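So you can see what is in the structure, the chains are spelled out below.
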Amino acid sequence: MVSSLLSPDYIFETSWEVCNKVGGIYTVLSTRAKTLQDSHKDRVIFIGPDLWIGKDNPLFIELDYLYKPWKLHAQANDKLVIRIGRWNIIGEPIVILVDFASFFSMKNEIYAEAWNKFQVDSLHAYGDYDEASMFAYASGKVAESFYNYNLNKKDRVIYQAHEWMTGLGALYLQSAVPEIATIFTTHATSIGRSIAGNLKPLYDYLSAYNGDQMARELNMESKHSIEKQTAHHVDCFTTVSDITNRECKELLEKEADVILKNGFEDDFVPKGKKYLTKRQKARSKMLNVANKLFGTDLGDDTLLICTSGRYEFKNKGIDVFIESLNRLNYDANFKKNVVAFINVPAGIPIPRKDLVDRLNNGGCTDPLEYPYITHWLDYMSNDKVLNMIKSLGMKNSKEDKVKIIFVPCYLDENDGVFDLNYYDLLLGYDISVYPSYYEPWGYTPLESIAFHVPTITTDLTGFGLWIQSIRTQHGINDGVKVIHRSDNNYFEVADAIKESIISFSAKSEEEIERIRNRAATTAEHALWKHFIKNYYNAYDIAFRNAKARILK
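Just so it is clear, the model here is predicted, and its values are computed rather than measured. (Residues numbered from 1 in each chain as written. Predicted model: local features only at pLDDT ≥ 70, side-chain atom pairs only at ≥ 80, totals over all residues. Heavy atoms only, no water.)

Participant: Outline the sheet that holds strand 2 (residues 44–49), listing residues and values.
Facilitator: Adjacent strands of a sheet form backbone hydrogen bonds with each other and so pair up, either parallel or antiparallel. With respect to topology, nine strands assemble into an open sheet ordered 3-4-5-2-1-6-7-8-9, the strand pairing being mixed. Looking along the sheet, the strands with just one partner apiece sit at the ends: strand 3 (60–62) and strand 9 (258–259). Pairing of strand 7 (residues 181–186) with strand 8 (residues 236–239), which is carried by four bridges, proceeds in the parallel orientation. Paired with T185 across the two strands is T238, which belongs to strand 8. Along the sheet face, helix 4 (residues 129–150) touches strand 1 (10–14), strand 2, strand 4 (81–87), strand 5 (94–99) and strand 6 (157–162) and points at about 145 degrees away from the line of strand 2. Along the sheet face, helix 19 (residues 528–551) touches strand 1, strand 6, strand 7, strand 8 and strand 9 and points at about 130 degrees away from the line of strand 7. (Pairing = 2+ DSSP bridges. Helix = DSSP H or I, 4+ residues; strand = E, 2+ residues; numbered from the N terminus. Contact = heavy atoms within 4.5 Å. Axes fitted to C-alpha atoms, helices over the stretch in contact; angles between N-to-C directions.)

Participant: Residues and numbers for the packing of helix 11 (residues 318–329) against helix 17 (residues 490–505), please.
Facilitator: Axis separation between helix 11 and helix 17 bottoms out at 8 Å; the angle between their running directions is 55 degrees. Classified by the angle their axes make, helix 11 and helix 17 are oblique. For helix 11 against helix 17, the interelement crossing comes out right-handed. The segment helix 11 lies against helix 17, with D319, V320, E323, S324, R327 and L328 engaging Y490, F491, V493, A494, D495, I497, K498, I501 and I502. By residue class, the composition of the contact of helix 11 with helix 17 is nine nonpolar, one polar and five charged. (Parallel < 35°, antiparallel > 145°, perpendicular 65-115°, else oblique. Left-handed = near helix turned anticlockwise from the far one by under 90°. Nonpolar A, V, L, I, M, F, W, Y, C, P; charged D, E, K, R; others polar.)

Participant: Break down the pattern of salt bridges for me, citing the residues and quoting the values.
Facilitator: Under the counting rule described, the total for this entry stands at 30 salt bridges. Between R352 and D354 there is a salt bridge, and its shortest N-O distance comes to 2.9 Å. We classify R352 as buried; its relative accessible area is 0%. By relative accessible area, which is 28% here, D354 ends up partly exposed. Between K353 and D357 there is a salt bridge; the shortest N-O distance is 3.0 Å. (Salt bridge = Lys/Arg side-chain N within 4 Å of Asp/Glu carboxyl O. Buried < 20%, exposed > 50% of the residue type's maximum accessible area, 1.4 Å probe, protein only.)

Right, dumping it as structure tokens:
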């Protein structure tokens, strides 16, 4: 940290994913927490939604003594319903969970104020907009109350809001407590994600798109409005990658002040003998599930491949991954057995009783019906993964070299089939594939190489572009293969994935071990100790702009 930079005395960070494991933002916040705790012990305070009222939240440790006088004051005088404790992660930062239900009765007045002061258009709100906005507003009120009771104008305070879902709170603080410097971080523009998800070409036409016009066309006006206005009004606007900054510039008409690349901590990656033991356990578990599904006897020389993430069929490249596997199966020069896992939560999955019975009782030579899914889904006939597998004629027959398994559940040690968490399965794979079309950063390939699993990704991910910025060679021999992807080269990407898998499968055990070590070494460049300096730059910019704003 450069000494001339203005450093915060207190940092508030708010996100829907505080103590609420949903996606990549959870990983951003939870892995960075220890780094901030080391420099700002108990002066970094996370604010999240209290979605577990009356239920046990394993991620939250409630502690009644923390800020007890203020909590009583906030409840009595500011009508805030809050719980205070610690986030049950490494670093154990202080967390305030807020129940925002009471603010729904004030919704119209809150929206009117946002329109009058910041031109936020909430007229076209639907879906989760109201819920997110009331949480955002409540979070701003929590920071205001805490500041007024515990702090004063001599304290330098940062309020960092993540994603459009928290923008309203940052804007509220601009006028309610102007001394607090605000930062807004968009991890993906809502309209950019929507353009890509609606199968429209994003990249070739990006400079021609008008964000406001596309928001009207795609019925995204309110989400786009709060995101755009927050980006323009906060003291420091940030995003997570250069590729997403291009979206911000074109669709939000605001370039980021700082790029906050997503770091990682490897303190939960097992080492030495423990790693090898866990790896063998994961491989045995996955091969056992596969053999019980297929009625086969595949051994440890089987190549295990995975992809994972949110169920965004095109955006995450799930479609092109399946396409590549189908092509691999019909490649006459490829002789190795492959089992590929698609670990993507979908709907409300139920463990297959017939599969669980086989896992418990053993003995099987015939494949199960539907030998390509581990859990039943309510609407299997409408599922995109299953329909693509069916349309390509992939049957997982004993004669197929390449077999595919859809795992449509969260891997949290309680799925009923694997009963291991995601990371404890991840380290069992030989290689991973994340061929995203739309991916602002890309934690999944970063996690993969941190666990010594080489990965294939694309240059339409923030992670892929970062890899290209630090290395001149990007082949699978280096631990990370970055494939060029555009709006129009779907089949070329599928072939490139196929060829990369073939190349990797031909390596000797010694070569593969070197590749795995190179992958892990690359991951070390993304540790938070390297990326945290970008946050200090953002804090400094926010403080200086807040001061200028107050003096106007």
